[in-house]
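Letter by letter, the chains look like this.
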Amino acid sequence: MTIELRMCVIDDIKTVVQGIANQINWENYGICIAGTASNGEQGIDLIKETEPHIVLTDIRMPKKDGLEMTRQVLDMFPRTKIVFLSGFTDFDYAQEALRLGAFDYIVKPYTPQKIIEVVLKAKQSIEEEISETQRYSEMERKLRESLPYLRQEYFQLLLQFRTTPEQAKKRWDFLNIALERERFIVMLTEIDQFTEQTETLPMQEVELIRFTVHNILEESLREHTKGFVFRDQTNRFVAIFNPSAFLNAETIAERCRENVNKYSKYTISIGLGEEVQEIHQISYSYSQAFAALSYNFYTGGNTVYSYRNMSPVPQTLPRYSPEKEKELFYCLRSGNLQKASGIVDELFEETVNASMPPAPEVVKGMCDELAFLINRVFSEKLTLEEMEKIERQQYYIKNLSSYKLKELQDNIKEMCRIGCAFIQKRHVEDVNQVVEQVIAHIRQNLSSNMTVNDYAKLVYLSGSYFANLFKKVTGMTVTQFVTSERMEQTKAMLLEGKQVQEIAQALGYEDRRHFSELFKKHTGMTPSEFKHLYTK
């Protein structure tokens, strides 16, 4: 480090002053002569005016000697380096000057080189002190800049881990935390649907959203009490504040919620812990706030939940109606998705609308069990390949780490949809197979006059159920289909040159006239007209 230092020369012998001040090129050494004086009183005035880094002075001077001047100078400017010019007879004075805080002394006779040597020694000491001061200043600056992060780290440790009152207060004082040292409440705030609303936004915009909410929370608390707000997770903030003498904690939390809703396009959910007295008890209030916040599971957000107002809830797994459960499984086995979805909704309503709604984690446990039972029902009906999708959905439900009631409900219904789709597909395939079996029989036995019941017996179904299936698959009744097949066969036989009477008997029609009427109704032509048209 190279800096220009100021030096004053004080001596009652004018030639000495001029020789030291003018005959040595002090600029080459980074030193400028700030002024000279011929006695102690003038020296004091000069030093007050110029505030030099180094004072080179005689120890014996009129009006005020060097020792008295040293006392006054060091009282005013304790970092000033004072170097004395003394003779052998002044040795005791020089030793006293060092005890008073003088930097060094030079014994007469002295050479310019000796003066330069001692002055440069003083300069080096000053530069080291300046460097050390700057280093400490930089450390203090960095510490000031780090304090917000250090405070956040400190509170995060307080929230997560137990500590002693002594340890908690020791760091509290060091971090200069702007809160009262007793009576605290923890408020846990979460931005609702944050992931869904920001997944397509650039990082800068996401950060701006978080900064905005953070700032609104700080300002809202500042209006009513002392508080400290910091980020806990991507979309979550922790506020630790002292209770207000004018507003209860729930009202303050409501003000925070309202302000975020008013001044940003987002909503928040707030969980509020109970008041604790000591610093080391803050973790208890945090645990309560966390439990209270979990109840946004029921509403989806934009609500304040206070642990103080929460009713004790049963922590055992809730049981819904066994009859509804059986009905659900019956619907799943038959692939009736619409009815199954309705029953799932009823099961959830029955559980959460109880006089004391269970804790969210308890409802999650109920969903895990229900998903397991649904999996087991489908495993009786579906192939291993089909069950892979069912099991993936069950795994997803089981491993949900952040969830709301509607999300759980929708995922259970999605599991039902996947399985019912497979069963309905299987049902359609089975129905088609049954109908195709009857169609093949019809085509091979066009001359037989079987009834709908006769065809139904072939596939072990009732007549009405088979008739409905047949029409659903082919779009025609069984009778219409048989007639259509017979008429197509008639066309082929006419083109082969066979007679109408012969064809009618071959296809099971005893009345030739009735047969001809059916053909005309089907084709728009009599058999003779058809034969004439296509056999020219």
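Structure's up top.
Source: prediction; values computed, not measured. (Residues numbered from 1 in each chain as written. Predicted model: local features only at pLDDT ≥ 70, side-chain atom pairs only at ≥ 80, totals over all residues. Heavy atoms only, no water.)

### Concerning the pattern of salt bridges
Logical step 1: Taken as a whole and judged by the stated rule, the model has 25 salt bridges.
Logical step 2: A salt bridge links Glu 129 to Lys 81; the shortest N-O distance between them is 2.5 Å. Here the residue Glu 129 occupies a position in helix H5 (residues 112-160), and Lys 81 occupies one in strand S4 (residues 81-86), the gap between them amounting to 48 residues.
Logical step 3: Glu 129 gets classed as partly exposed once you look at its relative accessible area, which sits at 25%.
Logical step 4: Of the charged contacts in the structure, one is a salt bridge between Glu 517 and Arg 513, with a shortest N-O distance of 3.8 Å. Here Glu 517 and its partner Arg 513 are both found in helix H21 (residues 512-523), four residues apart, which amounts to about one turn of the helix.
Logical step 5: We classify Glu 517 as partly exposed; its relative accessible area is 48%.
Logical step 6: Among the ionic contacts, a cluster of salt bridges with common partners joins Arg 79, Lys 81 and Glu 129. (Salt bridge = Lys/Arg side-chain N within 4 Å of Asp/Glu carboxyl O. Helix = DSSP H or I, 4+ residues; strand = E, 2+ residues; numbered from the N terminus. Buried < 20%, exposed > 50% of the residue type's maximum accessible area, 1.4 Å probe, protein only.)

### What to know about helix H15 (residues 384-398)
Logical step 1: In this model, H15 (15 residues) spans 20 Å end to end at C-alpha, consistent with the 21 Å of a helix rising 1.5 Å per residue.
Logical step 2: Listed in full, the buried residues belonging to H15 are Glu 386, Met 387, Ile 390, Gln 393, Gln 394 and Ile 397.
Logical step 3: In the core, the buried residues of H15 are packed alongside helix H14 (360-379) and helix H16 (405-444). (Expected span 1.5 Å × (residues − 1). Contact = heavy atoms within 4.5 Å.)

### Section: the environment of Lys 262
Logical step 1: Within the fold, Lys 262 resides in helix H9 (residues 249-263).
Logical step 2: Polar contacts involving the side chain of Lys 262 include one to the side chain of Tyr 263, which spans 3.4 Å. (Polar contact = N/O pair within 3.5 Å; in protein donor to acceptor, adjacent residues only side chain to side chain.)

### So, the pairing of strand S9 (residues 268-272)
Logical step 1: A large share of S9 lies buried, amounting to five of its five residues.
Logical step 2: The side-chain alternation of S9 yields two buried faces, one formed by Ile 268, Ile 270 and Leu 272 and the other by Ser 269 and Gly 271.
Logical step 3: With three bridges connecting them, S9 and strand S10 (residues 304-306) associate as parallel partners. If you follow Gly 271 over to S10, its bridge partner there is Tyr 305. (Pairing = 2+ DSSP bridges.)

### Overview of the packing of aromatic side chains
Logical step 1: Under the counting rule described, the total for this entry stands at 12 aromatic pairs.
Logical step 2: Aromatic pair Tyr 509 and Phe 515: ring centres 5.3 Å apart, planes at 40°, arrangement tilted.
Logical step 3: Here Tyr 509 falls in the buried class, since its relative accessible area comes to 8%.
Logical step 4: Assessed through its relative accessible area of 0%, Phe 515 is described here as buried.
Logical step 5: Every member of this aromatic cluster is reached through a ring pair, and the members are Tyr 154, Phe 155, Phe 228 and Phe 230.
Logical step 6: Here Arg 135 stacks its cationic end above the ring of Tyr 136, 5.1 Å away from the centre of that ring.
Logical step 7: The ring of Tyr 509 is capped by Arg 486, whose NZ or CZ atom sits 4.8 Å from the centre of that ring. (Phe/Tyr/Trp six-rings, centres within 6.5 Å; stacked < 30°, edge-to-face > 60°. Lys NZ or Arg CZ within 6 Å of the ring centre and 35° of its normal.)

### Some thoughts on the sheet that holds strand S1 (residues 5-10)
Logical step 1: The five strands are arranged S2-S1-S3-S4-S5 in an open sheet whose pairing can be described as parallel. The open sheet is flanked by strand S2 (31-37) and strand S5 (104-107), the only strands paired with a single partner. On average, adjacent strands in this sheet sit at an angle of 20° to one another, irrespective of strand direction.
Logical step 2: Relative to S4, strand S3 (residues 54-58) runs parallel, the two sharing five bridges. Residue pairing in the sheet places Asp 58 in a bridge with Leu 85 of S4.
Logical step 3: Across the sheet, helix H2 (residues 40-50) is in contact with S1, S2 and S3; its angle to S2 comes to roughly 145°. (Axes fitted to C-alpha atoms, helices over the stretch in contact; angles between N-to-C directions.)

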